Amino acid sequence: MNVDVDVPTLVEQARAGRPRAVARLISLVEGASPQLREVMAALAPLAGHAYVVGLTGSPGVGKSTSTSALVSAYRRAGKRVGVLAVDPSSPFSGGALLGDRVRMSDHASDPGVYIRSMATRGHLGGLAWSAPQAIRVLDAAGCDVVLVETVGVGQSEVEIASQADTSVVLLAPGMGDGIQAAKAGILEIGDVYVVNKADRDGADATARELNHMLGLGESRAPGDWRPPIVKTVAARGEGIDEVVEALEKHRAWMEEHGVLAARRTARASHEVETIAVTALRERIADLRGDRRLHALAERIVAGTLDPYAAADELVAGLTGGS
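Here goes a summary of the coordinates provided. Only a predicted model underlies this, so the values are computations on that prediction, with no experimental measurement involved. Numbers given to residues run from 1 along each chain, matching the order in which its sequence is written. Predicted model: local features are reported for residues with pLDDT of at least 70 only, side-chain atom pairs are reported and counted for 80 or more only, and whole-chain, interface and lining totals are derived from all residues. To obtain the side-chain values, all non-hydrogen atoms of the structure were used and water was disregarded.

1. A closer look at the packing of helix H4 (residues 63-76) against helix H9 (residues 240-257)
H9 packs onto H4 with a crossing angle of 70 degrees between their chain directions and a minimal axis gap of 10 Å. The angle between the axes of H4 and H9 places the two elements in the roughly perpendicular class. Here Ala69, Leu70, Ala73, Tyr74 and Arg76 of H4 lie close against H9, whose contacting residues are Ile240, Asp241, Val243, Val244, Leu247 and Glu248. Looking at side-chain class alone, the contact of H4 with H9 contains eight nonpolar, no polar and three charged residues. Working convention: axes come from line fits to C-alpha atoms, limited for helices to the stretch in contact. Angles between N-to-C directions cover 0 to 180 degrees. Each helix is a run of DSSP H or I of at least 4 residues and each strand a run of E of at least 2, with the numbering of both proceeding from the N terminus. Roughly parallel means an angle under 35 degrees; roughly antiparallel means over 145; roughly perpendicular covers 65 to 115; every other angle is labelled oblique. Residue contacts are defined here by distance: any two heavy atoms, one from each residue, within 4.5 Å place the two residues in contact. In this classification, the charged set is Asp, Glu, Lys and Arg, the nonpolar set is Ala, Val, Leu, Ile, Met, Phe, Trp, Tyr, Cys and Pro, and all remaining amino acids, among them Gly, are polar.

See the structure below:
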């Protein structure tokens, strides 16, 4: 049975840095609580300050280790950090299979860090459906930086580019990334590229191939952002300060050229569209077995109506259009 929570108090506690309040708000988001609208309305004026960094890459490149190292670097700079680690879903429970809170245990007792694992629950693109709202919770809770670590599903994992201010693509030598560098997909979305495990053979070759790929990309006008390539050994913290420097340079460039505001506006637009489409799908699902939908289907079978015209009639009926 759903129990209503005191949303204003919960938001106030989250702003004060109480982890349980942040956890409860994200749980309301993940569970699509009936109070979700109230939660989002309360958070709206409080959000919009956090710098959202997405980290993506193939499995095994060291995303969690790199994320943990970045948390340490930002904490040394006095920043409050939120981590949203999106993991594959269990086919049985729907929960996250891999708990990044376990892998980032070094930060578990730090009150300036909040780490949350989320399950994709079948959503493609490397992110959970509720990720945008969860990011807003961490933002409104006072995080200066929100790190979003995606599932690691490979080349198709490009959705993070539409959810983050800056996208970091991680690679590692000897993992086939050299072949992927010549293909469309995940390696085209990076604002910053990181070759992790740079103490291994082939790191320099991977960096060269990346540089070559960037050189073959779209022509850039003077002043355009050229993604840097940073080599790291995240397990030892090597090169992480250089990654933070690259991130800050990209943020400054975006602010100077109006790109940051444009990306955030596009992100909000996509979120509104997703919510609207989801609501429409739910209303259509409610019509299954309904006489109106059945009547349209009969007209299609009889050849008196085509599926597109039927869909137009259905949408018009649902939205009150003519």
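More follows now that the structure is in view.
2. Concerning unusual backbone geometry
With a phi angle near 50 degrees, Ala32 is a residue other than glycine that sits in the positive phi range. If you trace the backbone, Ala32 turns up in the loop between helix H2 (19-30) and helix H3 (36-43). Owing to a relative accessible area of 52%, Ala32 belongs among the exposed residues under this scheme. Phi at Lys197 takes a positive value of approximately 55 degrees, unusual for a residue other than glycine. Mapped onto the elements, Lys197 comes out in the loop between strand E6 (192-195) and helix H8 (203-216). Categorising residues by exposure relies on relative accessible area from a 1.4 Å probe, with only protein chains included: less than 20% of the type maximum marks a residue as buried, more than 50% marks it as exposed, and the intermediate range marks it as partly exposed.

3. Observations concerning the pattern of salt bridges
Within this document, salt bridges are pairs made up of a side-chain nitrogen of Lys or Arg and a carboxyl oxygen of Asp or Glu, the two lying within 4 Å of each other. In the structure shown here, the tally under the stated rule is 13 salt bridges. Its salt-bridge partner being Asp204, residue Lys231 comes within 2.5 Å of it at the nearest N-O pair. Of this pair, Lys231 sits in strand E7 (residues 229-231) while Asp204 is found in helix H8, placing the two residues 27 residues apart along the sequence. The class of Asp204 is partly exposed, set by a relative accessible area of 44%. Put simply, Lys249 and Glu245 hold a salt bridge, and the shortest N to O gap is 3.5 Å. Here Glu245 and Lys249 lie together in helix H9, a separation of four residues that amounts to about one turn. Of the residues examined, Glu245 reaches a relative accessible area of 43% and is grouped as partly exposed. Salt bridges sharing common partners tie together Asp165, Arg264 and Arg267.

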